[in-house]
Every structure is written in C-alpha cells, then in structure tokens.
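So you can see what is in the structure, the chains are spelled out below.
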Amino acid sequence: MASAGSSPLKILLVGSAGVGKSSLMSRFVHNRFCSRYRATIGADFFTKVMELEGQRVTVQLWDTAGAERFQSLGMALYRGSHCCVLVFDVTVATSFQAVAAQRAEFLMQADPPSPKQFPFVLLGNKTDLPGRQVSPREAEEWCAQTQAQYFETSAKDGTGVALAFHSASQAALRQV
Ligand code: GDP
C-alpha cells in the first residue's frame, strides 16, 4: 500500500475568481461558511489531518487564486501537487468554459511525471443558488473526456463538500 509518510498530500484548487475556492476550503477544514467576499492574493493553504485507507495523512489544500499573475510563483506552487481540484460556479457558464484552459495551464505549470494519469477532480459549486447555467450532464461529459471525477457542491450549505475532498485526497494518495 502507498504510504504518505510524514509528507503532506498537496492538493491545489484552481478556478475563476469568485467560484468559491476559499469558501470550499473553509467549509471542509473548519466546517464554516463566510459570505464576505475576499479576493485571495497570492496563495493560501489549509491543512487537515485525515484518516484515509487506514492511515493518518496530512492534506494540504492550496488556493492559488492570483498566483497566475506571478508566473514564477505559479510554477513553484503547482510543482509537487498530487491532485488538482478544478472549481466552477454552476450559475456562471463562463466559469465552466474556463476550466479546460485552467486544466491545461495547471499541467504546464505543475509538469507532473505522468500527465495522462494525473488526477483531476471537477467541482460544480453553488448548487444552493437558483439560476443554474451548467447541467450535471455537461460537466459529466467533460469529465468523461478528461478522465476527471465530478462532484456537485455547496460551500454554503455543505452539500457534497466532504465527499469531494475525500475523493480528491484518495486520488492524491494514489500519486504518492
Ligand atoms: P474564490 O475567489 O474562488 O476563492 O471564491 P470565494 O470562496 O471567495 O467565494 C466568492 C463568493 O461566493 C463569496 O461571497 C462566497 O460567500 C460565495 N460563495 C462561495 N461558495 C458558495 C456557495 O456554495 N453558495 C453560495 N450561495 N455562495 C457561495
């Protein structure tokens, strides 16, 4: 069985500004939701210790919003990732359309040893809101093409968040 040892599993959250990356991390790590909008500058990370496949692993969740403005910072941040969580807002079609380019940018910056096997998890967030613009089917079709896993979440009411991060952490563990 793969062992994470003492080094943390590194999971990056990528997505357009405002889709809910910080809120999802805060919901998962602290079980809290804050409705105040704060654009992330540079990079933030949260750590959570989890029990996965019978072992204690430390998961580091990185929010990279803004990092793309600093090319060199982007590369340093993305390198050594074990999983990438792509986030869009189900009520904003453009945030879903942006995901393909964000995935490609991640692969370019992270430069993982086996890009074809690198795990991506796609999250359609803000499912508590009315006015959906992206159907689960569209998102699932994209995932079938790119071999990503799809989850729908709401950082506000907590729906799907634990399951999504659990799956991302398991996928990350398989990369160790
Ligand atoms: P980020 O830029 O991707 O990190 O996005 P934030 O986490 O800062 O969230 C942007 C805004 O969307 C904030 O006002 C959040 O409170 C709100 N938000 C985030 N997730 C949800 C959600 O699941 N449902 C709703 N209704 N609002 C959300």
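Look up: the structure comes first, before these words.
Calculation notes
- Residues numbered from 1 in each chain as written.
- Predicted model: local features only at pLDDT ≥ 70, side-chain atom pairs only at ≥ 80, totals over all residues.
- Heavy atoms only, no water.
- Phe/Tyr/Trp six-rings, centres within 6.5 Å; stacked < 30°, edge-to-face > 60°.
- Helix = DSSP H or I, 4+ residues; strand = E, 2+ residues; numbered from the N terminus.
- Buried < 20%, exposed > 50% of the residue type's maximum accessible area, 1.4 Å probe, protein only.
- Lys NZ or Arg CZ within 6 Å of the ring centre and 35° of its normal.

J.: Can you help me understand the packing of aromatic side chains in this one?
T.: Aromatic ring pairs are reported here in terms of the distance separating the ring centres and the angle at which the planes meet. Summed over the entire model, instances satisfying the criterion amount to seven aromatic pairs. When the centroid spacing of 5.2 Å and the interplanar angle of 40° are considered together, the rings of F106 and F118 count as tilted. Taken together, the residues F106 in helix α4 (residues 99-110) and F118 in the loop between α4 and β5 (120-125) connect sequence positions twelve residues apart. Neither residue differs from the other here; F106 and F118 are each classed as buried. Between F118 and F120, the aromatic rings sit 5.5 Å apart at their centres with planes inclined by 65°, giving edge-to-face as the arrangement. The exposure classification of F118 matches that of F120, with both residues buried. Grouped by ring-pair contacts, the aromatic residues Y78, F106, F118 and F120 constitute a single cluster. Just above the ring of F28 sits the side chain of K48; from NZ or CZ to the centre is 4.9 Å. The cationic tip of R103 hangs over the ring face of F120; the distance from NZ or CZ to the ring centre is 4.7 Å.

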